[in-house]
Amino acid sequence: MFTLKIEAEHLLYIRLNQNKLRSEEYIHLKDAVATKKNVDDIGKMAILPSTFTGSPRQMHEYVQDAMTYVRSYERPELFITFTCNPAWPETKEELSYGKIATDRHDLLARVFRQKQQKFINVLTKMDVFGEARCWMFSIEWQKRGLPHSHNLIWLKENIHSTQIDDVISAEFPNPEVEPVLSDIVEKNMIHGPCGNFNMNSPCMKDGRCSKKYPRQLLKETQIGDNGYPMYRRRSPEYGGCTAKIFRGKEIEIDNKWVVQYSPLLSKMFHAHINFEYCKSVKSIKYICICIHKGSDMAVFGLKKANEHDEVSNYQLERYISSNEAVWRVLSFPIHERHPTVVHLSVHFENGQRVYFTRENAQEVDSEPPRTTLTAFFQLREQDPFARTLLYPEVPRCYTWDSRRKVFVRRKKGTPVFGSDVVASEALGRVYTVQPNNSECFFLRMTFHTIKGPNSYAMLKTVDGRVCNTFRETWFAGR
């Protein structure tokens, strides 16, 4: 309840300030002031912004950032889901007599946060699967309250298809050779069993397992059509092991029911760690959306025509478990990544978004705030090196000073050959524009092909001729 109160206060602030703080394109405000119109009659009502944790816009921004990594570094190598284990010794040792882990969601949150930090360090700093180029993860919560993280890892050296079996296993280990790992797999890496073993399993949809278990037994790992390998799952006659588990009664199962895992990570963290190798680009969009999809929900209701209240919609749709509530109160991040992605604005001349009140409308009209785009035009005039860069490349060598609204040369990084500039691993992403907004869409496209422009007129110039539209510019320059 305390977390819901905190969130409700935050949302109430957004709602109550919509009439005071409004947004509009600068050119519209400029016209209104010039013609002495009432500034109260212009401006768009504020909506739930991307800065609000868990909002649909924030999730969309994360998806676009993930696709920026794909654009720069191609497909990720590893997609790993790491789930909290309430039976961890670190949790049990701190429980009072008679208490169970679900009685102490604050303890579960703190322990999982530390485990997740260690987990990502193992993957990115210890180079257990090779040197990591970049990574990201997002935290989600199951309805029963346990947190889990979705982790994407890009490696500098690709894992060859012949090396998959050395990294990932979908089989029971031999209990005589690996007794510890065998116990971990039996406790954490078994799906169900469902189907004929249990038709009431939560994964059963229309009489079939939604997770596609039991899987097919295979003597060798094969590359599937959906972008994921079909991992080796040997039958007992070909050397595969079986295990006896208790699900109301003792049953014996084979490798059809094993969730693919990393033996190394399973032995290190003693938890459910679903380990996937990404082979095809077909799976990338699904993965990037999957790890930032937010909470599952279904809402039905009646409302008036043209009524659009994103704050109320968010409040109706969200579900906050006890563990997520503690996570937010403790200010733990739900998303982390490396390297950073800098968001770059795109707009027409005098078309930047400005925020104004009745009191400061005249001031905003006389001196509109700079955006990353107008600051880039200015940077090009002041710094010759900026003339060699595309707009999305600027964050590599310059940082954005949000207070002064200017780009500043980076002080730390790798020296750029032939200049006194240093470069970092930061990536730039120009905000997404829908193709149906064709003129702005083609403006955005020119930023990825024309280096060091200093004005909109220069962006429209092809072979000394100034085109009438950005669409014409794009096709003339191809």
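Residues numbered from 1 in each chain as written. Predicted model: local features only at pLDDT ≥ 70, side-chain atom pairs only at ≥ 80, totals over all residues. Heavy atoms only, no water.

Draft legend 1. Summary view of the overall build of the chain. A tally of regular secondary structure across the chain gives 17 helices and 21 strands. Residues counted as buried form 45% of the 478 residues belonging to the chain. Excluding contacts between residues fewer than 6 apart, the proportion of contacts in the chain whose partners are at least 24 apart in sequence is 68%. In the form shown here, the chain has an accessible surface area of approximately 26600 Å², with 50% of it arising from carbon and sulfur atoms. (Helix = DSSP H or I, 4+ residues; strand = E, 2+ residues; numbered from the N terminus. Buried < 20%, exposed > 50% of the residue type's maximum accessible area, 1.4 Å probe, protein only. Contact = heavy atoms within 4.5 Å. Areas by Shrake-Rupley, 256 points an atom, 1.4 Å probe, with all protein chains shown as cover.)

Draft legend 2. Geometry of the environment of Asn151. Locating Asn151 in the fold gives a position in strand β4 (residues 147-155). Classification of Asn151 by relative accessible area gives buried; the value is 0%. A C-alpha to C-alpha distance of 9.8 Å links Asn151 and Leu123, two positions 28 residues apart in sequence. Leaving out residues up to four positions away in the same chain, Asn151 has contacts with Leu78, Phe79, Ile80, Phe82, Gln116, Phe119, Ile120, Met136 and Phe137.

Draft legend 3. The pairing of strand β2 (residues 78-83), seen in detail. For β2, the tally of buried residues reaches six of six residues, placing the bulk of the element in the interior. Covered by surrounding structure in β2 are Leu78, Ile80 and Phe82 together with Phe79, Thr81 and Thr83, the residues of both alternating faces. By the bridge criterion, six bridges tie β2 to β4 in an arrangement that is antiparallel. Bridge pairing in β4 links Phe82 to Ser149. Pairing of β2 with strand β11 (residues 273-277), which is carried by five bridges, proceeds in the antiparallel orientation. (Pairing = 2+ DSSP bridges.)

Draft legend 4. Looking closely at the sheet that holds strand β12 (residues 335-338). Strand order in the open sheet formed by five strands is β11-β2-β4-β3-β12, with antiparallel pairing between adjacent strands. The open sheet terminates on both sides in strands that have one partner only, identified here as β11 and β12. Mean inter-strand twist for the sheet, computed between neighbouring axes without regard to direction, equals 10 degrees. Bridge analysis of strand β3 (residues 132-141) against β4 gives nine bridges, and the strand direction is antiparallel. By the bridge assignment for β4, Ile139 is matched with Ser149. Relative to the sheet, helix α5 (residues 105-124) contacts β2, β3, β4, β11 and β12, its axis offset from that of β4 by approximately 15 degrees. (Axes fitted to C-alpha atoms, helices over the stretch in contact; angles between N-to-C directions.)

Draft legend 5. Spotlight on unusual backbone geometry. Following Tyr213, the chain continues into Pro214 via a peptide bond in cis, with omega recorded as 0 degrees. Turning to its location among the elements, Pro214 is positioned in the loop between β6 (208-209) and β7 (222-223). In this structure, the amide linkage connecting His338 to the following residue, Pro339, adopts the cis form with an omega of 0 degrees. Note on placement: Pro339 falls in the loop between β12 and β13 (341-344). For Asp206, which is not glycine, the phi dihedral falls at a positive 55 degrees. Overall, the relative accessible area of 80% leaves Asp206 in the exposed class. Although it is not a glycine, Ser331 sits at a positive phi angle of roughly 60 degrees. Take Ser331: it is sitting in the loop between α11 (322-329) and β12.

Draft legend 6. Region of the structure containing the packing of aromatic side chains. Taken as a whole and assessed by the stated rule, the structure comprises 20 aromatic pairs. With 5.5 Å between their ring centres and 80 degrees between their planes, Phe441 and Phe442 make a pair best called edge-to-face. Ring pairing ties together the aromatic residues Phe82, Trp88, Phe112, Phe119, Trp141, Phe269, Trp327 and Phe332, which thus form one cluster. Directly above the ring of Trp88 sits Lys115, whose terminal nitrogen or CZ lies 5.0 Å from the centroid. (Phe/Tyr/Trp six-rings, centres within 6.5 Å; stacked < 30°, edge-to-face > 60°. Lys NZ or Arg CZ within 6 Å of the ring centre and 35° of its normal.)

Draft legend 7. Highlighting the pattern of salt bridges. According to the stated counting rule, one finds 19 salt bridges in the structure shown. One salt bridge connects Arg75 with Glu77, and the closest N-O pair in it is separated by 3.3 Å. A relative accessible area of 1% places Glu77 in the buried class. Through salt bridges with shared partners, a single ionic network connects Glu61, Asp65, Arg337 and Arg429. (Salt bridge = Lys/Arg side-chain N within 4 Å of Asp/Glu carboxyl O.)

Draft legend 8. Main features of helix α7 (residues 179-188). For α7, every residue scored as buried is listed here: Leu181, Ser182, Ile184, Val185 and Asn188. All buried residues of α7 project into a common sector of 165 degrees when viewed along the axis, lining one side. Of the exposed residues in α7, those oriented more than 90 degrees away from the buried face are Val180 and Lys187. Looking at the buried residues of α7, the elements they touch are α8 (263-269). (Arc of directions from axis to C-beta.)

Draft legend 9. Structural detail: the confidence of the model for the chain. Summary statistics for the chain give a mean pLDDT of 82 and a share of 80% for residues scoring 70 or more. Across the chain, the element-wise mean pLDDT spans from 45 in helix α2 (residues 26-34) up to 96 in α8. Confidence drops under a pLDDT of 50 for residues 24-33, and excluding neighbours within four residues, the segment shows 34 contacts in the predicted structure. (pLDDT = per-residue confidence, 0-100.)

Draft legend 10. Main features of a nonpolar patch on the surface. A contiguous nonpolar patch, built from Met126, Val128, Leu264 and Met268 and spanning about 310 Å² of accessible area, is present on the exposed surface. You can see Leu264 is positioned in helix α8. A relative accessible area of 35% means that Leu264 is categorised as partly exposed. (Patch = residues over 30% accessible without salt bridge, like charges linked within 9 Å, V, L, I, M, F, W, Y side chains within 5 Å.)

Draft legend 11. Here's a closer look at helix α3 (residues 56-73). Here α3 spans 26 Å end to end across 18 residues, near enough to the 26 Å set by a 1.5 Å rise per residue. Every buried residue of α3 is listed here: Gln58, Met59, Glu61, Tyr62, Val63, Asp65, Ala66, Thr68, Tyr69 and Val70. Note on α3: the residue one or two positions beyond its end, Glu74, has a positive phi of about 65 degrees. (Expected span 1.5 Å × (residues − 1).)

Draft legend 12. The arrangement of the side chain of Asp254 in detail. When you line up the elements, Asp254 lands in the loop between β10 (250-253) and α8. Within the buried core, Asp254 has no salt-bridge partner, and the shortest N-O distance to an opposite charge, that of Lys256, equals 4.5 Å. (Lys, Arg positive; Asp, Glu negative; His and termini not counted.)

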